[in-house]
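Structure assessment
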Amino acid sequence: QVTNHIFPVWTYSYLALLFPVFLITDYVRYKPVLLLQGVSFIVTWLLLLFAHGVAAMQAVEFFYGMATATEVAYYAYIYSVVSTDHYQRVTSYCRSITLVAATVAAVLGQLLVSLADVSYFHLNAITLASVSLAFLCSFFLPMPQKSMFFHRKDVSETLPAPDKGVPTVGSDGPSSCQEDEGSVSADRGPTPEQQPDNAEPHNHVLRVLVQLSKDLRDCYSSRKLLYWSLWWALATAGFNQVLNYIQVLWDFRAPSHSSAVYNGAVEAIAT
């Protein structure tokens, strides 16, 4: 029942939420989705601590799927508040912190269970306190002023003559993007003829989707980037699936109520 009715909820909810969360993250400029991730983690561990039954555990998997799907905001937020010159450095910092924290948590959990005989309830309580603290800290993060698609202010600001709106054929960026950003920035001005009544929000969303499709086409026209993305997606999916279902196999081969538990040590080594 755990394998067939509970664990798959996380897999499919994560898959279903990933693309909508990506667009919403860009639209609301990252920080609200970071807060949503903190709330999802808190709800997940509250249900683990105090809820019982199959339906409750399915809710745990759903909120955990939401928490993992909104992880994209954690990485995208960093790129929105630093310059492109520091992208490689902040990427290494983010990945290093994530992996080190996961390793330390697994080792600490293993030591508490093996040496201090701490119960799983208290381990979950410690995790709840940790995610609650992280949720409170996220309130103090500055709100980004731009995003990748819906709030691209940097393009219109760098144009030498945005009022003309006549791009050249040999421009570096897509001409439609330059025209759109110039019109968006002009709409913020006081000129009444440049402010259509209800068509602007719809057209803006349509332009964003068109720009997204162009960026995807440009990015994945590189064969190396395509291969790297496929490798990363398959490796991440495989790692998550193994980490998810291996718990059931361990308990089947060596039941936790009658055998020593080394899940934390194995996860630390795997990380």
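Residues numbered from 1 in each chain as written. Predicted model: local features only at pLDDT ≥ 70, side-chain atom pairs only at ≥ 80, totals over all residues. Heavy atoms only, no water.

Details of the packing of aromatic side chains
- The full count for this structure, using the stated rule, is twelve aromatic pairs.
- Geometrically, the ring pair formed by Trp-10 and Tyr-14 is stacked, given 6.0 Å between the ring centres and 10 degrees between the ring planes. Placement of the pair is Trp-10 and Tyr-14 together in helix α1 (residues 2–27), with a separation of four residues, close to one helical turn.
- By relative accessible area, which is 6% here, Trp-10 ends up buried.
- Their ring planes at 10 degrees and their centres at 5.6 Å tell us that Trp-228 and Trp-232 sit as a pair that is stacked. With Trp-228 and Trp-232 both in helix α10 (residues 223–253) and four residues apart, the pair spans about one turn of that helix.
- Looking at Trp-228, the relative accessible area reads 47%, which means it is partly exposed. (Phe/Tyr/Trp six-rings, centres within 6.5 Å; stacked < 30°, edge-to-face > 60°. Helix = DSSP H or I, 4+ residues; strand = E, 2+ residues; numbered from the N terminus. Buried < 20%, exposed > 50% of the residue type's maximum accessible area, 1.4 Å probe, protein only.)

Some thoughts on a nonpolar patch on the surface
- On the surface, Leu-216, Tyr-220, Leu-225, Leu-226, Tyr-227, Trp-228, Leu-230, Trp-231 and Trp-232 cluster together into a nonpolar patch covering about 940 Å² of accessible area.
- Of all the elements in the fold, those that place two or more residues in the nonpolar patch are α9 (199–220) and α10.
- For the nonpolar patch, the leading source of residues is α10, giving seven residues.
- Secondary-structure assignment places Leu-230 in helix α10.
- The partly exposed category is assigned to Leu-230, whose relative accessible area is 47%. (Patch = residues over 30% accessible without salt bridge, like charges linked within 9 Å, V, L, I, M, F, W, Y side chains within 5 Å. Areas by Shrake-Rupley, 256 points an atom, 1.4 Å probe, with all protein chains shown as cover. Salt bridge = Lys/Arg side-chain N within 4 Å of Asp/Glu carboxyl O.)

Notes on unusual backbone geometry
- The phi torsion at Arg-29 lies on the positive side, around 65 degrees, for a residue other than glycine.
- Inspection of the secondary structure puts Arg-29 in the loop between α1 and α2 (31–50).
- For Arg-29, a relative accessible area of 22% puts it in the partly exposed group.
- In this structure, Tyr-30 is a non-glycine residue whose phi angle is positive, near 75 degrees.

Section: the side chain of Thr-44
- With respect to the element layout, Thr-44 can be found in helix α2.
- In this structure Thr-44 comes out as buried when scored by relative accessible area, which is 2%.
- For Thr-44, the side chain forms a polar contact with the main-chain nitrogen of Tyr-64, separated by 3.4 Å. (Polar contact = N/O pair within 3.5 Å; in protein donor to acceptor, adjacent residues only side chain to side chain.)

Comments concerning helix α3 (residues 54–69)
- For α3, which comprises 16 residues, the first-to-last C-alpha distance of 22 Å matches the rise-based estimate of 22 Å (1.5 Å per residue) to within 8%.
- Every buried residue of α3 is listed here: Ala-56, Val-60, Glu-61, Gly-65, Met-66, Ala-67, Thr-68 and Ala-69.
- Of the surrounding elements, those touching the buried residues of α3 are α1, α2 and α4 (71–81). (Expected span 1.5 Å × (residues − 1). Contact = heavy atoms within 4.5 Å.)

These results come straight from atomic positions and should not be treated as a statement about function.
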